[in-house]
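# Analysis of the macromolecular model
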Amino acid sequence: MISCCAHAQHRVLTVGYVDFPPYQFRDANGEPAGLFVELTRQVATEAGYRLEFLHLPTARVYYFLEIGAIDLWQGFANNPAVADSVLESRSRPLRVEYGVWHRSHVPGPEHFEDLKQRLLIRITGYNYAGLARFLDEAEDYRSTGTVNHNTAVEMLKRDRGDYVLGYREPMLEALKLNPVDDVLYVPMWVREAAWLFSIAGGDASRWRQAFDDAWQSLAEKGQLEPLPKLDDHRLMEGFPL
């Protein structure tokens, strides 16, 4: 059997990464760290590539993918913000849930429409697979932006919004740093992660194939556990996506 790496040229790929703990973040030494970072390193090594990581804000990642200033990003599948700029891996290395966080004096939503006329705190630069655009265009939903999950927690703590729209694990990390005793969580949707390869450089198809082959090879050797099939990503009634 020919190794999945046999046809991969040994070269360096530039990987954009953002602050999204515990999956990807810059550690105390200024180095890339996190579960997704380690998976990317493992798969790249199997595929025969070396990596250079570049720490960026999310909006800059989108632009750098468009112009080919980075080769790939550890992001989410079906991201409308980069749909025309990337080829996404067929491999799905991670699954991340997001929903709304609220304090106990604010009722927990049982249906998406329960968010109407409430003030929703969003992370600037996140499109939540198109939900941000829906909220911007819908007349009955109100939202305000903030720079990251840490500032979102602080806004919630100060009652500067009714709900935070946030990813589960990053919000839990933020709450460790700034606890809110009465915070509650209601899940909305599940997103699957993927490697997103920039089309601009012209090698996206080759890189994608190499990563997918490497992922399969590692899975066959028992070094990775592929995600089980998920039939429905929706967790909240009335969710518009």
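Residues numbered from 1 in each chain as written. Predicted model: local features only at pLDDT ≥ 70, side-chain atom pairs only at ≥ 80, totals over all residues. Heavy atoms only, no water.

## Topic: the overall build of the chain
For the chain, the count of helices and strands is six helices and eleven strands. Whereas a compact globule of 241 residues would reach a radius of gyration of roughly 18 Å, the chain reaches 19 Å, a difference of no more than 12%. Counting only C-alpha atoms, the chain reaches 60 × 40 × 35 Å along its principal axes. Across the 241 residues of the chain, 49% fall into the buried class. (Helix = DSSP H or I, 4+ residues; strand = E, 2+ residues; numbered from the N terminus. Rg over C-alpha atoms; globule rule 2.2 N^0.38 Å. Buried < 20%, exposed > 50% of the residue type's maximum accessible area, 1.4 Å probe, protein only.)

## A short note on the pairing of strand S1 (residues 12-17)
Alignment of S1 against strand S4 (residues 50-55), held across six bridges, turns out to be parallel. Note on S4: the bridge partner recorded for Val15 is Phe53. Bridge analysis of S1 against strand S5 (residues 72-76) gives two bridges, and the strand direction is parallel. Bridge pairing in S5 places Gly16 opposite Trp73. (Pairing = 2+ DSSP bridges.)

## Description of the confidence of the model for the chain
Scored by pLDDT, the chain comes out at a mean of 92, with 96% of its residues at no less than 70. Looking at the elements of the chain, mean pLDDT is at its lowest for helix H3 (residues 131-137), recorded as 91, and at its highest for S4, recorded as 98. Confidence drops under pLDDT 50 across residues 1-8; counting only partners more than four residues distant or on other chains, this segment forms eleven contacts. (pLDDT = per-residue confidence, 0-100. Contact = heavy atoms within 4.5 Å.)

## What to know about the pattern of salt bridges
Inspection of every chain in the model, using the stated rule, returns 18 salt bridges. A cluster of three or more residues bridged by salt bridges with shared partners is formed by Glu88, Arg92, Arg95 and Glu192. (Salt bridge = Lys/Arg side-chain N within 4 Å of Asp/Glu carboxyl O.)

## Thoughts on unusual backbone geometry
The residue after Pro21, namely Pro22, is reached through a cis peptide bond having omega 5°. Examined against the element boundaries, Pro22 turns out to sit in the loop between S1 and strand S2 (25-26). Non-glycine residue Ala129 carries a positive phi angle of around 60°. Here Ala129 shows up in the loop between strand S8 (119-123) and H3. What makes Ala129 buried here is its relative accessible area of 15%.

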